[in-house]
Structures are given as C-alpha cells and as structure tokens.
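# Summary of structural features
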Amino acid sequence: MSEWIAIGALGLVAVGIPLGMMAVSAILRPAVPEQGKGATYESGEIPTGTARVQFNIQYYMVALLFVVFDVETVLIFPWTVIYRSALSQGVALSTVLWPMLAFVGILVVGLVWAWRNGAVEWVKSPLANRQKTERNA
Amino acid sequence: MTPDALALQTETVAAWTALAPAILLGLTGLALLGVDTLWPDDPSNAVLAGVAAAGSILSFAVTGWFLVAGTGQASTGGAIALYGDALVVDGMSLFFTLIFTVVTAMVVVAAYDYLDDHSHRAEFYSLTLFAATGMAVMATANSLATVFISLELASLPSYALVAFLKTDRGSVEAGLKYFLIGAVSSAVLAFGISLVYAVTGSLVLGDVAAAIGTPEMAGVLGLGVLMILGGFAFKTASVPFHFWAPEAYEGAPAPISAFLSSASKAAGFAVAFRVFVQAFPLEAVPAGVDWVIAFQVLAVVTMTLGNFAAATQENVKRMLAYSSIGHAGYALIGLAALTAGGPNGDVLGASMAHLLVYGFMNTGAFLFIALVEHWGVGRTFEDYNGLASTAPIAAVAMTVFMFSLAGLPPFGGFLSKYVLFYSAIEAGFWWLAAVGAVNSALSLFYYSRVVKAMWIETPVADFEIESRPVGLYTAVLFAGVGTLLLLPGFGPVIETAQTVAATLF
C-alpha cells in the first residue's frame, strides 16, 4: 500500500501549493479596487460587445464536415510515419498505399455527396438579415 | 520497425476476398451515395431501390456460394483470420451474413413502395446498406475492438433510420429514445471491454481466453463480462436493455422495424455467440464468472416478459415488438444451455437456425404492417377486421407468419423452435425448454388474435384499398414462401448451423 500513500501525499501537495500561494498573496497584497481590473482580458485590447454572440446554426454542418477531415488526419499521421520505413523494408507499394487510398476515397465519396446535396451552401434568410441589422442599429 | 509490426499489411490477395459479402454491402452503400451525387435533385426511386436490392442480393449470393464451397470451414482448412486476428471468416459468420443480406434485400424491396412519397430516399437506402455492412462485420469480429466498432457501425445508421419520418412525432421520439439508450449501453460495453482488457491484457478473443485462467482479479473480470453482456443485451433487445424496442419498433417506418427486429437482433446474437464462446470459454473461466447462469436468468425473464407484455397490447405493431423481445429470449437459450463438455454445438446451432427462420417470418410480419400502413388502415387489432376479404393473398401470408411465429406445426417456425427446445433438453436444461414451451403456448393467444381479426371479424368501417404495391407484395410473399420452404428445407439448414457452431468450441 506504500505507493498509494505517496500518491495521496502528491495529491495533498498538489492541492496545498496553489491554495497556499493564494492565501499568502491575499495576506500580503494591498487592496486597490479599480474598474479596469474587473474587465475581461482581451490580450490588452479594450473589449467590445458581449461574449454572448449567436453563431449561425449552419456552422453545424461545417463542423460535421470538419470531423471528416479530423478523423482522416488521425489515421494518416501514423501511416506517414511508417510509410517510408515499410517501403525500404521491401513491402510492396500497393500494400502500403492502397488501403490509405481506399480510406480517403470513401471519405471523398461522402464529402462530394454532402457538397452536391447542399451541405456547404450558405442559406441566406431575409428575416434573419433584417433582425440582425435591427439589432446592430 | 520490425517486420512483425508490419505483418498486418502483408496479407495475400486471396485472404481478404473472404470479406467479399461485407465489402459488397459497403460498396453498394457508397454507390447509392454516388447515384444521389449525380442526380441530387431527383434520384429515381426505382434506380435507388434497384441498386440497393441488387447489391444485397449479390452479397447474399456470394455468401451462399462461400457457405456451400466451404470457405473458412473445416473442409478447406478452417477459419480465415484476417488483419492480425481482428476479423475471422468462418461458417458462423457466413451463416449470419446470409440472414442479414436476405433481410436487407426484403427490406429495400419493400421500401420502394413505402418511400414512394418521401424525400431523402437515397439516404434511407444507403444508411440501410451501411448498417448491413456493420452487421456483416459484427459477425466476423474476432477482437473486442472490432466488436465495438462494428456494433457502432450497425447502430449509428439505425438511429437515423428510426427517426427517418422527420415530421412524425412518434418516429422522432423513438429515434431519440433509441439513441439515448444506445449511447448508454455502448458506454457500458466499452467500459466492460476496458475491464476485460485490464485483466487479460489483450483484445483478441483467443488471447483473452488464454489469459483468463489466472484467478487474479476475478472480480474485475466478472464485472467486465457482465457489462459486455449488458451491451449485447441492448443490441438483441433482451432484458435489461429491452425497453427501447417497443417504442423504436412502433415509431420507426415499418420496413426499418423489420430490419431492426430481424437483422439487427441476429447481429447482436452473432457477436454475443462469438465473444462469449471464444473469449470466455466455460472450461477456462474462473468460478466467479459463470456467465451461463446470467444468460439463463436473462433468457427466462426476457421470454416471459416479452410474451406477457405482447398479450396485453392493442396495437399490432407494438404487439410484434414485444413478441420480438420474446423471441430474443428463445434465442438466448443458445447461450443459456451451454455446459462444459455438453452438446454445445447442437444448442448454439439450433439457436442460429431459429434466428434464420425468424429472419423470414418476423421480417414478413413487419412488412405486412408496412403494407397496412401504406394503405392507411389503422394500427389496432380492430382495424385489421375483415382485411382478408379485401386483400386475401397478403392475409394468407400474414397468417403463415403468425402461426409460424407461434410455432405451429406446418411452418418453418415449428421445426426451429422444436429443435431449439429439444437441444436444451439434450443439454440437461429441461426447465428452460419447459418455460419456452409454456411461453410459446401463451404466444399462440395473441398471434391468433391477428388471424381472427383478419379472417373472422367483420370490418367496423368501410375502407378502400386502392393500390397493390408491387415491391411490398413481392417482399411479403417472398418472406411467406421462405417461411413455408424452410419446413422441408430445414434439414440442411440445421445441419449447416450445428456443424459450423460445433467448430467454435
């Protein structure tokens, strides 16, 4: 059980250090309340507008299509790492290349289908546009 | 990079062709997307249904050819393991693929009429084919990782298909319920797999079985096995994860109800059979992990609950949904009546044969519901009154399905149930067979209510049947003929099933 005691001690220290730092600084620092300190930090810029911005629901489709490329990357990365060494060790080009081409091909079929069926077409709603200008005015 | 690490990529061309049925199903799904890509505005329903049916029938033919030619069976050198043992093609996987492909073919042919006035037809057919691909892979999955992935590949299109009638509240509600319960049970399954991996250090079923004998951490292993069982109970619509089934089957488009309650259920059994028999063999599991007892409890509870609930329904589709739960209980006997050294191949084979017959009769029954929905007749027993006088041929087919589901003698369902119960007695579990027989007798009550309504009662309201949809009729009659032909043809079926099941032990 000794290693569990060590882990418990680590946990105690991990919680204790930040708590201690905050406590010490709370005791030492002078209290100078100021309006600028309460503002949202925007990398030094003066913040404009509110953080509650509504995104268009159509970004949802874009996000879905993004997942296609995201997953694609996850498989392509390890594949590129072994690609060269596999070839140099005498594995046939077709055995290394074809599975990846088939994989990408399947994704391309899906992407082209989504594109043709209007998944990336940006639908403009006159009503939403009007409301937007009214809100901004 | 050692040559061993690359072994995965040095398969011969001949070996992967054993996966042709699954590959064909997947390619057909992609081809359907291709059709929709070329004509995105108005893809012809006939072309889509034709491509989908052709693909699934081709896959069925290839599977049948493999099964007859002995691919992956003892006569040609045994099971074909692929991709570092992640997939294995053997007699059992081909037998189950046969069920999936024939059900898929019937469903897409019936959907041709059902989807007549719907949009997004290409999505419907391609999602069906992708789900079928997932099922075909489930039957071949030989590693817990591929089990999980293929189960998800079969489930995700199913969620969308259940909610296909976007403007129908019942369909959307059913889709949401199915999805939520599916998500929970997937999580349970994944957690169970992780626990088994923690104890045995492998995901490949054979290696799990080899490492399982060590009594160290038997409690964790038992918990993992139990959770995996829960994940499969969802897919097969067995207690305790059965309660999505009545809602999902009732709300879904009827061809999808047929697809889920036949093919999807069979896929769940395919993967459960392989995982439990191969990864947790009875001879090797530690004493605390006796999963057969769990299956005995589940089988009895599932068949009793399904049949009693079915007897109280007023809605025919919902009644069939509960009867489908009851049949899951019968099929569970295949795992519940196993003993170390018993006639295990016979028991498991009988369960597989029952699932094949069930694939025909249950798909047919749900497609008859699709036909009735197409006509716009109501959904309760009363609404079926006098249907036989207006649509006699379809009513005859439905009568065949009902009596076959109940297990009456001159139909396929009688022999498959008889062999199933007989094999349970043979294995020493006479009480499982007794519970099954009592439940079958009860089921005759509610199945015959449909028959009585159609043939004997007089219609309460006048209704006109203005169309005889070709696709739906073809599918229903095909299922009916299949159910009838499985009576004389049951000999080779059960022989094949028990032979391929025996090689698993």
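A quick note: this is a predicted structure, and the numbers were derived from the prediction, not measured.

### Topic: the overall build of chain A
A count of helical and extended segments in chain A gives four helices and zero strands. Its C-alpha radius of gyration of 27 Å places chain A more than 25% over the 14 Å reference for a compact globule of 137 residues. Here the C-alpha coordinates of chain A stretch approximately 70 × 65 × 30 Å along the principal axes. Out of the 137 residues in chain A, the part that is buried amounts to 1%.

### Remarks on the UniProt feature "transmembrane region" (unreviewed entry) in chain A
All names here are of chain A. According to UniProt, the "transmembrane region" (unreviewed entry) feature falls on residues 57-79 and 91-115. Secondary structure content for residues 57-79 is 91% helix and 0% strand, and the end C-alpha separation is 35 Å. Secondary structure across residues 91-115 comprises 92% helix and 0% strand; the distance between its end C-alpha atoms is 37 Å.

### Brief notes about the packing of helix α2 (residues 20-38) of chain B against helix α3 (residues 45-69) of chain B
Two measures define how a pair of helices packs: the angle their axes make with one another and the distance between the axes. Residue and element names in this part refer to chain B. Here α2 crosses α3 at 170°, and the two axes come no closer than 9 Å. If you check the angle between α2 and α3, you find them roughly antiparallel. Along the contact surface, α2 presents Ala20, Pro21, Leu24, Leu25, Thr28, Ala31, Leu32 and Val35, while α3 presents Val47, Leu48, Val51, Ala52, Gly55, Ser56, Leu58, Ser59, Val62 and Thr63. By residue class, the composition of the contact of α2 with α3 is 13 nonpolar, five polar and no charged.

### Considerations on helix α18 (residues 430-455) of chain B
Residue and element names in this part refer to chain B. With 26 residues, α18 should cover 38 Å at 1.5 Å per step; its first-to-last C-alpha distance of 37 Å lies within 8% of that length. Restricting attention to buried positions, one finds in α18 the residues Leu432, Ala433, Val435, Gly436, Asn439, Ser440, Ser443, Tyr446, Tyr447, Val450, Ala453 and Met454. The secondary structure elements touched by the buried residues of α18 are α12 (291-311), α13 (316-336), α15 (387-390), α16 (392-406) and α17 (412-426).

### Observations concerning the packing of helix α14 (residues 344-375) of chain B against α16(B)
All names here are of chain B. Where α14 contacts α16, the axes come no closer than 9 Å and their chain directions differ by 140°. Taken together, the axes of α14 and α16 are oblique relative to one another. Considering how the two elements wind past one another, α14 and α16 form a crossing that is left-handed. Where α14 approaches α16, its residues Met361, Asn362, Gly364, Ala365, Phe368 and Leu371 are matched on the opposing element by Ala394, Ala397, Met398, Phe401, Met402, Ser404 and Leu405. A breakdown of the residues in the contact of α14 with α16 according to their chemical character gives 10 nonpolar, three polar and no charged.

### Topic: the confidence of the model for chain A
Taken over all residues, the pLDDT of chain A has a mean of 84, while the share at 70 or more is 94%. Looking across chain A, the model is least confident in helix α4 (residues 126-136) of chain A, with a mean pLDDT of 69, and most confident in helix α1 (residues 2-28) of chain A, with 92.

### Brief notes about the nonpolar core
With 197 residues, the main nonpolar core has B:Met106, B:Leu367 and B:Phe368 as its most contacted residues. Look past the residues within four positions of B:Phe368 in its chain and what remains in contact with it is B:Ala394, B:Ala397, B:Met398, B:Phe401 and B:Val476.

### With respect to the interface of chain B and chain A
Every contact between the two is made by 11 residues of chain B and, on the other side, 14 residues of chain A. Its residues placed into classes, the side of chain B that touches chain A shows six nonpolar, four polar and one charged.

### Some remarks on the environment of B:Ser257
Residue and element names in this part refer to chain B. Checked against the element boundaries, Ser257 lands in helix α11 (residues 254-279). Classification of Ser257 by C-beta neighbours within 10 Å gives buried; the count is 30. With residues near it in sequence (within four places) discarded, Ser257 still touches Tyr249, Ala252, Lys317 and Phe366.

### Re helix α2 (residues 59-88) of chain A
Residues and elements named next belong to chain A. The end-to-end C-alpha distance of α2, which contains 30 residues, comes to 44 Å, matching closely the 44 Å that a straight helix rising 1.5 Å per residue would cover. Buried residues are scarce in α2, accounting for one of its 30 residues. Phi turns positive one or two residues past the end of α2, at Gly90, with a value near 95°.

### Here we look at the confidence of the model for chain B
All names here are of chain B. Across chain B, pLDDT averages 88, with 96% of residues at or above 70. Here residues 1-13 scores under 50 on pLDDT; set against residues more than four positions off or in separate chains, the count is 19 contacts. Scored as a whole, the predicted complex attains pTM 0.86, and scored at its interfaces, ipTM 0.80.

Reading guide: rules and limits
Residues numbered from 1 in each chain as written. Chains lettered and ligands numbered in written order. Predicted model: local features only at pLDDT ≥ 70, side-chain atom pairs only at ≥ 80, totals over all residues. Helix = DSSP H or I, 4+ residues; strand = E, 2+ residues; numbered from the N terminus. Rg over C-alpha atoms; globule rule 2.2 N^0.38 Å. Buried ≥ 20, exposed ≤ 12 C-beta atoms within 10 Å, placed from the backbone. UniProt positions renumbered as here; feature names shortened; annotations may be inferred. Axes fitted to C-alpha atoms, helices over the stretch in contact; angles between N-to-C directions. Parallel < 35°, antiparallel > 145°, perpendicular 65-115°, else oblique. Contact = placed C-beta atoms within 7 Å. Nonpolar A, V, L, I, M, F, W, Y, C, P; charged D, E, K, R; others polar. Expected span 1.5 Å × (residues − 1). Left-handed = near helix turned anticlockwise from the far one by under 90°. pLDDT = per-residue confidence, 0-100. Core = buried A, V, L, I, M, F, W, Y, C linked by C-beta atoms within 7 Å.

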